[in-house]
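Descriptive analysis of the structure
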Amino acid sequence: MSAAEHAAGPANSTEYITHHLTHYTVGEGFWSIHVDTIFMSVLLGIVTLGLFHAAARKATVGVPGKGQAFVEMVVEFIDTTVKEVFHLDRSFLAPLALTIFVWVFLMNAMDLLPLDLPGKVAALFGIHYWRAVPTADANTTFAMSLTVLVVVLFYSVKAKGIGGYVHELFTAPFGGNPVLWIPNFLLNLVELLSKPVSLAMRLFGNMYAGELVFMLIALLGAGFFTFTVGSTVGFLGQLLMGAGWAIFHILIITLQAFIFMVLTVVYSAMATEHH
Amino acid sequence: MENLALIAQVQSYTAIALGLIIGLGAIGACIGIGIMGSKFLEAAARQPELIPTLQGRMFLLAGLIDAAFLIGVALAMFFAFANPLLARFG
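Here goes a summary of the coordinates provided. (Residues numbered from 1 in each chain as written. Chains lettered and ligands numbered in written order. Predicted model: local features only at pLDDT ≥ 70, side-chain atom pairs only at ≥ 80, totals over all residues.)

**Concerning the overall build of chain A**
Along the backbone of chain A there are nine helices and two strands. Written out in order from the N terminus, the α and β elements of chain A read α-α-β-β-α-α-α-α-α-α-α. Dimensions of chain A, computed from the C-alpha atoms along their principal axes, are close to 75 × 60 × 35 Å. When burial is assessed residue by residue, chain A has 34% of its 275 residues classed as buried. Pairs at least 24 apart in sequence give 67% of the contacts found in chain A among residues at least 6 apart. (Helix = DSSP H or I, 4+ residues; strand = E, 2+ residues; numbered from the N terminus. Buried ≥ 20, exposed ≤ 12 C-beta atoms within 10 Å, placed from the backbone. Contact = placed C-beta atoms within 7 Å.)

What follows is the structure in structure tokens.
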């Protein structure tokens, strides 16, 4: 269905998919900026904050409304999760985890929009390329995971002091013998850098693969308006598989948002441990 | 004509690579999920009162196990539809 409307545009399936994988880009080379990613993520960030701000302002101590009950559930769930892992003062980390969870969840949830809808809306404004899922862009996930790295470094320094942290970097796994300083430091460096890379690649890979499977499913119904037997079967297949994948994807997007949040907390908790 | 043969060669090798990426990744992820699921059921049968605690962790680990496979799938899909190795032929 969605692919059929596109029939006038891209000539074949490869073109359809490459079209959907193209960002709305401004600028050249290093300074090329994916406007769609930035716009969608900022918009969803505002939605996240607005939702919780509105609930907090209207909060009562009496019988809570549905919105307040929902927000309280989310906040409590995140707070317990953080409490289980992180044992120090969590007045900064728990709100951070809450923001990450809800924001990433909303960004992932853009995958569930009809595939061609964001592009069609963008076309009304004369924009030809529009990818709606910010987390299917490696730039977003790496930006977030590098921020998490900064948080981890902050907690390391806060717990041990700059001297203590540097001392730990050079002496941690094998011991303080000067011969072992370099191997220790290299090992710690790899451990530190592998965290943001795995964090970002996990979220990006999941969302990118999910988006691509949605595109492949959309292609099944591409020939629907030719009204042959094959195209009808393809269209029915699209409906069934699209529904199935979308339902499975609800699990995936929640899980990935949860994993990103939990790992942020776990890394921070590891950073505060003394060796 | 010579170019065509080269393109076909790149495409065929890429197709084999895609099969390997997805197939081997799927084997690993499935074995991992299978082991974890069986252990979870065992633990749940032994101590049913731990189910709520274990369930959350099981889903977390399911996501972690799945992740590497899905990254592989994403990479494979990328090579299937916008093969950067073919771009050199223009």
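**Topic: the overall build of chain B**
Helix and strand counts for chain B stand at two helices and zero strands. The globule rule puts the C-alpha radius of gyration for 90 residues at 12 Å, and the 20 Å found for chain B is more than 25% above it. Overall, chain B is about 70 × 15 × 10 Å in size when its C-alpha atoms are taken along their principal axes. Burial status across chain B gives 12% buried among its 90 residues. Contacts in chain B between residues at least 24 apart in sequence constitute 82% of all its contacts with a sequence separation of at least 6. (Rg over C-alpha atoms; globule rule 2.2 N^0.38 Å.)

**Quick notes on the environment of Gln68 of chain A**
Residues and elements named next belong to chain A. Among the structural elements, Gln68 can be located in helix H4 (residues 66-85). On the basis of neighbour count, Gln68 is assigned to the partly exposed category, with 16 C-beta atoms found within 10 Å. In this structure, the C-alpha to C-alpha distance between Gln68 and Ala55, residues 13 residues apart in sequence, is 5.5 Å.

**Considering the interface of chain A and chain B**
How large an interface is tends to be reported as the accessible area lost when its parts come together. In this assembly, 16 residues from chain A lie in contact with twelve residues from chain B. Those elements giving two or more residues to the side of chain A that touches chain B turn out to be helix H2 (13-20), helix H8 (181-220) and helix H9 (229-271) of chain A. Counting residues per element, the side of chain A that touches chain B draws most heavily on H8 of chain A, at seven residues. Along the lines of polarity and charge, the residues of the side of chain A that touches chain B split into ten nonpolar, five polar and one charged. (Nonpolar A, V, L, I, M, F, W, Y, C, P; charged D, E, K, R; others polar.)

**Remarks on the nonpolar core**
Nonpolar side chains in soluble globular proteins tend to end up buried together. With 64 residues, the main nonpolar core has Ala97, Phe101, Phe260 and Met261 of chain A as its most contacted residues. Looking at this core, the elements that each hand over two or more residues are H2, helix H3 (35-57), H4, helix H5 (93-109), helix H7 (138-171), H8 and H9 of chain A together with helix H2 (51-81) of chain B. Setting aside residues up to four positions removed in sequence, Phe101 of chain A forms contacts with Ile78, Ala257, Phe258 and Met261 of chain A. (Core = buried A, V, L, I, M, F, W, Y, C linked by C-beta atoms within 7 Å.)

**Topic: H2 of chain A**
Turning to H2 of chain A, its buried residues number three or more, namely Tyr16, Ile17 and His20 of chain A. Summarising the axial view, the buried residues of H2 of chain A lie within an arc of 90°, below the 170-degree limit, and thus occupy one face. (Arc of directions from axis to C-beta.)

**So, the environment of Leu263 of chain A**
Residues and elements named next belong to chain A. Mapped onto the secondary structure, Leu263 falls in helix H9. Exposure remark for Leu263: the 21 C-beta atoms within 10 Å place this residue in the buried category. It is 22 Å that separates the C-alpha atoms of Leu263 and Phe248, two residues lying 15 residues apart in sequence.

**As for H7 of chain A**
All names here are of chain A. In this model, H7 (34 residues) spans only 34 Å end to end at C-alpha, well below the 50 Å of a helix rising 1.5 Å per residue. The sharpest bend along H7 reaches about 105° and sits at Gly161. Regarding H7, the residues found buried are Thr140, Thr141, Met144, Ser145, Val148, Val152, Tyr155 and Ser156. Tucked inside the fold, the buried residues of H7 contact H3, H8 and H9. (Expected span 1.5 Å × (residues − 1). Bend = angle between axes of the 7 residues up to and from the residue.)

**Quick notes on the environment of Gly119 of chain A**
Locating Gly119 of chain A in the fold gives a position in helix H6 (residues 117-124). Along the backbone, Gly119 of chain A and Leu251 of chain A are 132 residues apart, and their C-alpha atoms lie at a distance of 25 Å.

**Regarding the packing of H8 of chain A against H2 of chain B**
For any two helices packed against each other, the geometry comes down to the angle between their axes and how far apart the axes lie. Between H8 of chain A and H2 of chain B, the least distance of the axes is 8 Å, while the angle of their chain directions is 55°. The pairing of H8 of chain A with H2 of chain B is recorded here as oblique in orientation. Along this stretch, H8 of chain A crosses H2 of chain B, giving a crossing that reads as left-handed. The segment H8 of chain A lies against H2 of chain B, with Met201, Arg202, Gly205, Asn206, Tyr208, Ala209 and Leu212 of chain A engaging Ala67, Leu70, Ile71, Val73, Ala74 and Met77 of chain B. (Axes fitted to C-alpha atoms, helices over the stretch in contact; angles between N-to-C directions. Parallel < 35°, antiparallel > 145°, perpendicular 65-115°, else oblique. Left-handed = near helix turned anticlockwise from the far one by under 90°.)

Read these as layout, nothing more, since geometry by itself doesn't imply function.
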